[in-house]
Protein chains: 2
Amino acid sequence: MNALRPPKYERSYTYRMSALRIGIAGLGTVGAGVVRLLAENAELIATRAGVPITVTAVSARQRARDRGVDLAGPHWHEDALALAADPDVDVVVELIGGSEGIARQLIERSIAAGKHVVTANKALLAVHGSALADAAEYAGVTLAFEGAVAGGIPVIKVLREGLAGNRISRVAGILNGTCNYILTVMRTEGKEFGEVLAEAQALGYAEADPSFDIDGIDAAHKLAILAALAFGRQVDFAAVHVEGIRAINALDISFAEELGYRIKLLGIAQETAAGVEMRVHPAMVPKAALLASVDGVYNAVLAQGDFVGSVFLQGRGAGAGPTASAVIADLIDIARGTRIPVWGAAARQLSARPALPISAHRGAYFLRLMVVDQPGVLADVTAILRDHGVSLESMLQHGRKPGEAVPIVLVTHETTEAAMGKAIAGIAKLDAVLERPALIRIEPS
Amino acid sequence: MNALRPPKYERSYTYRMSALRIGIAGLGTVGAGVVRLLAENAELIATRAGVPITVTAVSARQRARDRGVDLAGPHWHEDALALAADPDVDVVVELIGGSEGIARQLIERSIAAGKHVVTANKALLAVHGSALADAAEYAGVTLAFEGAVAGGIPVIKVLREGLAGNRISRVAGILNGTCNYILTVMRTEGKEFGEVLAEAQALGYAEADPSFDIDGIDAAHKLAILAALAFGRQVDFAAVHVEGIRAINALDISFAEELGYRIKLLGIAQETAAGVEMRVHPAMVPKAALLASVDGVYNAVLAQGDFVGSVFLQGRGAGAGPTASAVIADLIDIARGTRIPVWGAAARQLSARPALPISAHRGAYFLRLMVVDQPGVLADVTAILRDHGVSLESMLQHGRKPGEAVPIVLVTHETTEAAMGKAIAGIAKLDAVLERPALIRIEPS
């Protein structure tokens, strides 16, 4: 007897169902993209999935709006929550967004009703992912979310399946295209943050209210998801240290270039002897590092496994096409019968390793001060660093302007965040130090 | 009734089996790596797979050899074929290699005996992959081969699952680490092919008989597999046009640099209106292209999908750790119950689009001639190109040495391989042309 022998393909796909019937909640850019992809590649998808994937129901706010796709066939529900109860829907595709409200209710009810759920909702997964995974496990349904992180790059699948034999020690990614676009243009055009943000807003690359992106929250949602998958741990958004890019200026970008670095907003999840670090912040990356060359609206993820070594993935991180591609991949997985626990392992088997506060971080730092150019300033600054055990790798100062404000850049050897924090508090109190010191963490890759 | 509802995780994994029992044939570098990975990450793998993965049987040529791993537990079969009949083996892991002989027999018998098969054998998959897929489909077992292409990079999974919603138009990859290492060292150290090959052999980066790698055959096996997955087509190694890197010299590498290109051995599968192109050859890639920056023994794959856009993957393409990582990913998939047709669709649904001969290729070309530096040579050469409808984008000649041999480089606009072939035949016959012209295809990315 071979306990593992699966049902034959023919039997399992063709006979068990004649189509995978989906209901889509939310027909914005991504929702319309999903409908369009399913229509344009219908034959190819049916071939790969083993059965056709058909949209039997939809729900969105404005029924009359022209979305450029044919919506004559599916049943229209005024109330998105009705999708959870629609007997003609096998899978609910939630593309409404937001960590609370309708999106959350719809997913909870769909799972409870025994329907599979596919979503691109990173906020919801980051905040309520554990409870939703428990519910999905209990109900025996799939909760899939490839579209939630890095758009079309299949990073969820790569971490949860492709690298599943590895102990992952670190995942670092460029996870927010808006921030990466702004930082890229600041560097290539030498402009300041505010100016580039305004241009990005005019071009539609940044939202009217951009804080979700530029304050790092969107990247932190995604990082929380990647960390949960990489380390087999409950998703833990509250434990992610988050800093955005508002404080980055043209001066520090040009110093970075001079020192051989690029400034990128990175999401980093790292396992150390003490626990798990999860942080989103601007970082200096050596120019030769793979992540340093990812420009514009591209996203990328670098994962480090104990047997596989480094694996690097790059692609378009947002937009209708890439995100629809990810949603369809999840739907094809479901049609093919693939069933994998939400966070890569059964809930009771997830790791209990502690999340570490940012104060536990160890690394090198870029420190830029604006000081009055007068004798003794550097001696005072370096004395404070020495008193906190921080040693310097290099120092940069251009020209001299006695009595005027000049920037001084200090690059430290590896030290602790706690020591740096205390040293900076001391440095900021010096009379000759004019502004709040700029501190940017340096990442090796 | 919900026809799609899967069995609950607990029920399907824990109750149906207590372990996934594997038999390994071949205990070379990769086989020993698989044993070591399963031992070192046993707990993590059991958590992710839902059950422990245990090695119950092995077979290799020299039983006494110390492989640095504990082999006291598994049953030792003198005859690898006995693994196919071992009732304590659920999955046969074939790591013997070779497209014929024991490896092929073992896989055929294992499938016929209802066992799943995991292999890293690209030659066997490329040559007999269609027949083996038919057999696996009939028997209802999985035939998995993530380790066969690009080592630890999960490119099989990405193409077959992660990008499954897309019509893939092109896959281009650096698929052979030996060739990429040799070309990288030739460029960075300015050395000739023979010298670098000898060094690579001394360092163990190239085999004593290197022809399998440097003549492009290994890359062609891998490309045939990627093409089958990307286009949902029968694997078709015989239709792959193959050229290796023996003819690449330091002169052309330095001309490439000057023109803004890097020379890489690429495997390219491309869909055109007429059919499918599959080719492995040295190519000039713009320095800014992602594939141009992949140096040394790294592998990389760039896939282009209609909705996802470009997705780029890079990682270590060979070695015990990366290949073992891929083999374990396949085993975890099997333990989790994932069952996907070998080539991404049922055999009867694979595409019948024709494979195109290299003469149908359209592209730009780098052409380097060694000519006697005398009046009228260039006029003769350009007249022949014009007569075959080939127009030039640029021309390079350094200095003048009247009466001596000098290189002339011509870069064409897009034209057809057939036209280039005829033009070169004519050019080679000119008295002033001293050697066989060097022709290198230019790829846009």
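Residues numbered from 1 in each chain as written. Chains lettered and ligands numbered in written order. Predicted model: local features only at pLDDT ≥ 70, side-chain atom pairs only at ≥ 80, totals over all residues. Heavy atoms only, no water.

What follows is about the sheet that holds strand β6 (residues 143-144) of chain A. All names here are of chain A. One open sheet holds the 6 strands; their spatial order is β3-β2-β1-β4-β5-β6, and the pairing between them is parallel. For this open sheet the edge positions go to β3 (75-76) and β6, each flanked by a neighbour on one side alone. In this structure, strand β1 (residues 20-25) lies alongside strand β2 (residues 53-59), joined through 6 bridges in parallel fashion. Counterpart to R21 in the pairing with β2 is T54. (Pairing = 2+ DSSP bridges. Helix = DSSP H or I, 4+ residues; strand = E, 2+ residues; numbered from the N terminus.)

Moving on, we come to the domain arrangement of chain A. Accessible area lost when the parts come together is the quantity often used to give the size of an interface. We note that the domain assignment places domain 1 (9-148), domain 2 (155-317 + 348-358) and domain 3 (361-442) within chain A. Taking the mean C-alpha position of each, domain 1 of chain A and domain 3 of chain A sit 53 Å from one another. (Domains from an automatic or database assignment.)

With that out of the way, let us pick up the pairing of strand β13 (residues 362-372) of chain B. The two faces of a sheet get side chains in turn, since along a regular strand they alternate between them. Residue and element names in this part refer to chain B. Counting buried positions over the 11 residues of β13 gives 10, a clear majority of the element. With 2 bridges connecting them, β13 and strand β16 (residues 415-416) associate as antiparallel partners. Residue pairing across strands places R362 opposite T416, the latter belonging to β16. Note: β13 against strand β17 (residues 438-442), 5 bridges, orientation antiparallel. Paired with Y365 across the two strands is R441, which belongs to β17. When β13 meets strand β15 (residues 405-412), the two strands line up antiparallel, connected through 7 bridges. Residue pairing across strands places L367 opposite L410, the latter belonging to β15. (Buried < 20%, exposed > 50% of the residue type's maximum accessible area, 1.4 Å probe, protein only.)

Turning our eyes to something else, we now look at the packing of helix α3 (residues 42-49) of chain A against helix α12 (residues 320-336) of chain A. Residue and element names in this part refer to chain A. Interhelical geometry of α3 versus α12 gives an angle of 40° and a closest axis separation of 9 Å. Viewed along their axes, α3 and α12 adopt a mutual orientation that is oblique. Residues I45, R48 and A49 of α3 form the contact with α12, whose participating residues are I328, I332, A335 and R336. Its residues assigned to classes, the contact of α3 with α12 shows 5 nonpolar, no polar and 2 charged. (Axes fitted to C-alpha atoms, helices over the stretch in contact; angles between N-to-C directions. Parallel < 35°, antiparallel > 145°, perpendicular 65-115°, else oblique. Contact = heavy atoms within 4.5 Å. Nonpolar A, V, L, I, M, F, W, Y, C, P; charged D, E, K, R; others polar.)

The next point concerns the relation of the copies chain B and chain A. Overlay of chain B on chain A (RMSD 0.0 Å): rotation 180°, translation along the axis 0.0 Å. Taken together, the turn and the small shift mark the pair as related by a two-fold rotation axis. A share of 100% of the interface residues of chain B reappears at the interface of chain A, consistent with the copies meeting face to face through the same patch. (Least-squares fit on C-alpha atoms with pLDDT ≥ 70 in both.)

Another aspect to go through is the sheet that holds strand β5 (residues 116-119) of chain B. Residues and elements named next belong to chain B. In spatial order, the strands read β3-β2-β1-β4-β5-β6; together these 6 strands make up an open sheet with parallel pairing. Each edge of the sheet is formed by a strand with only one pairing partner; in this case those strands are β3 (75-76) and β6 (143-144). Inspection of the sheet shows strand β2 (residues 53-59) paired to β3 by 2 bridges, in the parallel sense. Its bridge partner lying in β3, A57 is registered against H75. Across the face of the sheet, helix α12 (residues 320-336) comes into contact with β1 (20-25), β2, β4 (91-94), β5 and β6 while running at roughly 160° to β5.

All names here are of chain A. By secondary structure assignment, the location of L106 is in helix α4 (residues 101-112). Separated by 81 residues in the primary sequence, L106 and A25 place their C-alpha atoms 8.7 Å from one another. If we ignore the near neighbours within four places in the chain, the residues touching L106 are A25, A80, L81, L83, A84, V92, E94 and I96.

Our focus in this paragraph is the pattern of salt bridges. A complete count under the given rule lists 60 salt bridges over all chains for this structure. One salt bridge in this structure joins R386 of chain A and D387 of chain A, with 3.0 Å as the shortest N-O distance. Each member of the pair, R386 of chain A as well as D387 of chain A, carries the same accessibility label: exposed. Two residues, E435 of chain B and R368 of chain B, come together in a salt bridge whose shortest N-O distance is 3.8 Å. Of this pair, E435 of chain B sits in the loop between α14 (417-428) and β17 while R368 of chain B sits in strand β13, and the two are 67 residues apart along the sequence. (Salt bridge = Lys/Arg side-chain N within 4 Å of Asp/Glu carboxyl O.)

For the rest of this paragraph, the subject is the interface of chain B and chain A. Contact with chain B, which involves 75 residues of that partner, is made by 76 residues of chain A. Scanning the region where chain B abuts chain A turns up 2 salt bridges. K157 of chain A is paired through a salt bridge with E161 of chain B; the nearest N and O atoms lie 2.7 Å apart. Counting every contact that joins chain B to chain A gives 20 residue pairs in polar contact (both at pLDDT 80 or more). Residue assignment for the side of chain B that touches chain A shows that the elements contributing at least two residues are α1 (9-15), α2 (29-40), α3 (42-49), α5 (122-139), α6 (155-162), β12 (309-316) and α12 of chain B. In terms of residue count, α12 of chain B provides more of the side of chain B that touches chain A than any other element does, 9 residues in total. For the side of chain B that touches chain A, a count of residues per class yields 33 nonpolar, 22 polar and 20 charged. (Polar contact = N/O pair within 3.5 Å; in protein donor to acceptor, adjacent residues only side chain to side chain.)

A separate point is the nonpolar core. One finds I182 and W343 of chain A together with I182 and W343 of chain B to be the most contacted residues of the largest nonpolar core, which totals 160 residues. Leaving out residues up to four positions away in the same chain, W343 of chain A has contacts with L125, G129, S130, A133, F145, I225, A228, L229, G232, V235 and L350 of chain A. Counting residues in each nonpolar core, the second largest holds 34 residues, with L27, V58, A120 and A324 of chain B among its members. (Core = buried A, V, L, I, M, F, W, Y, C linked by side-chain atoms within 4.5 Å.)

In the structure shown here, the tally under the stated rule is 7 cavities of 30 Å³ or more. Estimated volume of the largest cavity: approximately 120 Å³. Along its surface, the largest cavity is lined by T142, L143, A144, E146, K157, R160, E161, D330, D333, I334, T338 and I340 of chain A. Of all the secondary structure elements, the ones that give two or more residues to the lining of the largest cavity are β6, α6 (155-162) and α12 of chain A. Among the residues forming the lining of the largest cavity, the class breakdown is 4 nonpolar, 2 polar and 6 charged. Here the lining of the largest cavity gathers at least three residues from each of two domains, domain 1 (9-148) and domain 2 (155-317 + 348-358) of chain A. Contributions of two or more residues to the lining of the second largest cavity are made by β6, α6 and α12 of chain B. For the lining of the second largest cavity, the element with the most residues is α12 of chain B, which contributes 3 residues. Class assignment of the residues belonging to the lining of the second largest cavity gives a composition of 4 nonpolar, 2 polar and 5 charged. (1 Å grid on protein atoms, 1.4 Å probe; cavity = no way out; pocket = protein on both sides within 12 Å on 5 of 7 lines; lining within 4 Å. Points joined across faces, edges and corners; volume = space filled by probe spheres on them.)

What follows concerns the packing of aromatic side chains. With the rule as written, the count across this model stands at 5 aromatic pairs over all chains. Ring plane angle 70° and centroid distance 6.4 Å describe the contact between F312 of chain A and F312 of chain B, whose orientation is recorded as edge-to-face. With F312 of chain A in strand β12 (residues 309-316) and F312 of chain B in strand β12, this pair bridges two chains. Between F145 of chain B and W343 of chain B, the ring centres sit 5.2 Å apart and the planes meet at 50°, which makes this aromatic pair tilted. Here the residue F145 of chain B occupies a position in the loop between β6 and α6, and W343 of chain B occupies one in the loop between α12 and β13, the gap between them amounting to 198 residues. By relative accessible area, which is 3% here, W343 of chain B ends up buried. For R160 of chain A, the ring lying beneath its charged end belongs to F145 of chain A, and the centroid distance is 5.8 Å. (Phe/Tyr/Trp six-rings, centres within 6.5 Å; stacked < 30°, edge-to-face > 60°. Lys NZ or Arg CZ within 6 Å of the ring centre and 35° of its normal.)

A separate point is α14 of chain B. Residue and element names in this part refer to chain B. For α14, built from 12 residues, the straight-helix expectation of 16 Å at 1.5 Å per residue is met to within 8% by its first-to-last C-alpha distance of 16 Å. Along α14, the positions that sit buried rather than exposed are E417, A419, M420, A423, I424 and I427. Angular distribution of buried residues about the axis of α14 spans 150°; they occupy a single face of the element. The inward-facing, buried residues of α14 abut β13, α13 (377-387), β15, β16 and β17. (Expected span 1.5 Å × (residues − 1). Arc of directions from axis to C-beta.)

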